[in-house]
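# Observations on the model geometry
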Amino acid sequence: MEITLDLIKELRHKTGAGIADCKKALVENDGDIQKAVEYLRKKGAATALKRADKVTNEGAVKSKISDDRKYGVMIELTCETDFVSRGNEFQTLSDRVAEAAFNAKSNDVEKVMGTQTSNNLTVKEDIDSVVSSIAEKVELRRVATMECPDGFICEYIHFGSKLGSLVAIKGKLTPDSEALGKSIAMQVVAMSPMAIDRKGISDEVMAKEKDIYNEAAKNEGKSAQIAERITLNKVEKFYQDNCLIEQESIKESGRSVQELMNDYKKKSGDTLEVTDMIRFHIGG
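Predicted, not measured: the structure shown is a model, and the values here were computed from it. (Residues numbered from 1 in each chain as written. Predicted model: local features only at pLDDT ≥ 70, side-chain atom pairs only at ≥ 80, totals over all residues. Heavy atoms only, no water.)

## Re the pattern of salt bridges
Enumeration over the complete set of coordinates arrives at 14 salt bridges. Its salt-bridge partner being Arg86, residue Asp82 comes within 2.7 Å of it at the nearest N-O pair. By relative accessible area, which is 30% here, Asp82 ends up partly exposed. The class for Arg86 is exposed, based on a relative accessible area of 56%. Between Glu178 and Lys182 there is a salt bridge; the shortest N-O distance is 3.6 Å. A residue pair is termed a helical-turn pair when its members lie 3 or 4 positions apart in one helix, as Glu178 and Lys182 do in helix 8 (residues 175–191) at 4 residues. Among the charged side chains, a salt-bridge network with shared partners connects Glu58, Asp82, Arg86 and Lys162. (Salt bridge = Lys/Arg side-chain N within 4 Å of Asp/Glu carboxyl O. Buried < 20%, exposed > 50% of the residue type's maximum accessible area, 1.4 Å probe, protein only. Helix = DSSP H or I, 4+ residues; strand = E, 2+ residues; numbered from the N terminus.)

## Observations regarding the environment of Leu244
By the secondary structure assignment, Leu244 is in the loop between helix 10 (224–242) and helix 11 (257–268). Under the relative-accessibility criterion, Leu244 is labelled buried at 0%. In this structure, the C-alpha to C-alpha distance between Leu244 and Val257, residues 13 residues apart in sequence, is 7.0 Å. The contacts of Leu244, once residues within four sequence positions are left out, are Ile184, Gln187, Val188, Pro193, Ala195, Ile196, Val257, Val274 and Met277. (Contact = heavy atoms within 4.5 Å.)

## Side note on unusual backbone geometry
Residues other than glycine seldom take positive phi values, yet Asn120 does so here, at roughly 65°. Mapped onto the elements of the fold, Asn120 is located in the loop between helix 6 (109–113) and helix 7 (123–134). What makes Asn120 exposed here is its relative accessible area of 58%. Within the chain, Ser161 stands out as a residue other than glycine whose phi angle is a positive 60°. Taking relative accessible area as the criterion, Ser161 reaches 11% and is therefore assigned buried.

## Quick look at the sheet that holds strand 5 (residues 163–170)
Strand order in the open sheet made by the 3 strands is 4-5-6, with antiparallel pairing throughout. Pairing within the sheet leaves two strands with one partner each, and these edge strands are strand 4 (151–157) and strand 6 (273–281). The mean inter-strand angle of the sheet, taken between neighbouring strand axes irrespective of direction, is 15°. Two strands pair when backbone bridges link them, and strand 4 and strand 5 are joined in this way by 7 bridges, in the antiparallel orientation. Looking at the pairing, Ile153 lines up with Ala168 of strand 5. With respect to the sheet, helix 8 is in contact with strand 4, strand 5 and strand 6, its orientation differing from that of strand 5 by roughly 135°. (Pairing = 2+ DSSP bridges. Axes fitted to C-alpha atoms, helices over the stretch in contact; angles between N-to-C directions.)

Laid out in structure tokens, this is it:
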């Protein structure tokens, strides 16, 4: 069978593989499109296997939230180079994987890998197909889901898709509360809090911090009493830097996130409370 340019273009459209690979696949399979698709998928899996030991420190963070904003998912899909991560092929693959993860409703990467994408392939098959085209290792590194039955979920994906966050806000969803929720999600991305509030930071972490502060003060020749006062002040600063609701807002200088939520309550009469947060950073 003659391998025409139109046939090659059709196979390229179906698989995203390079023109040379498409032509070879058609030649090897006597122009049979379906067999050529299977051939390229197998080739993609083989390429992925060959690149299994490569380092993937680039990629994209993507999210998807339900229309009622009560359920959301975030994924981290990685590749080897920034050039590939910024490309349309990788970005659209990331979107398909996020949608599949959303449908899977699971944090289990293996379960998501077996879920079908909009390309009518499993996530694994879809990734392998793209690997055959871009010739880089691609890995679904993380999946996280979030539910907020008593409120709503907001997201923020930083420009370039290298950083992203989801936050769950207990309270009534309105245009104003959603705007505040999005600014809090941006806060999580920008300031990387350890916890929502002080309850989220373990006693072990604080014990180590106190010990460091106390020893540092004593090494400077401070008395035990002064060292204790310095330690208490530094502990307060640690909480303010690392607890989301105590952090200074990136939107309003000199105001904490909690103060902004208090302002919203005074204005609207509705109480908002951050109940969960997820932050993904490529390679982090």
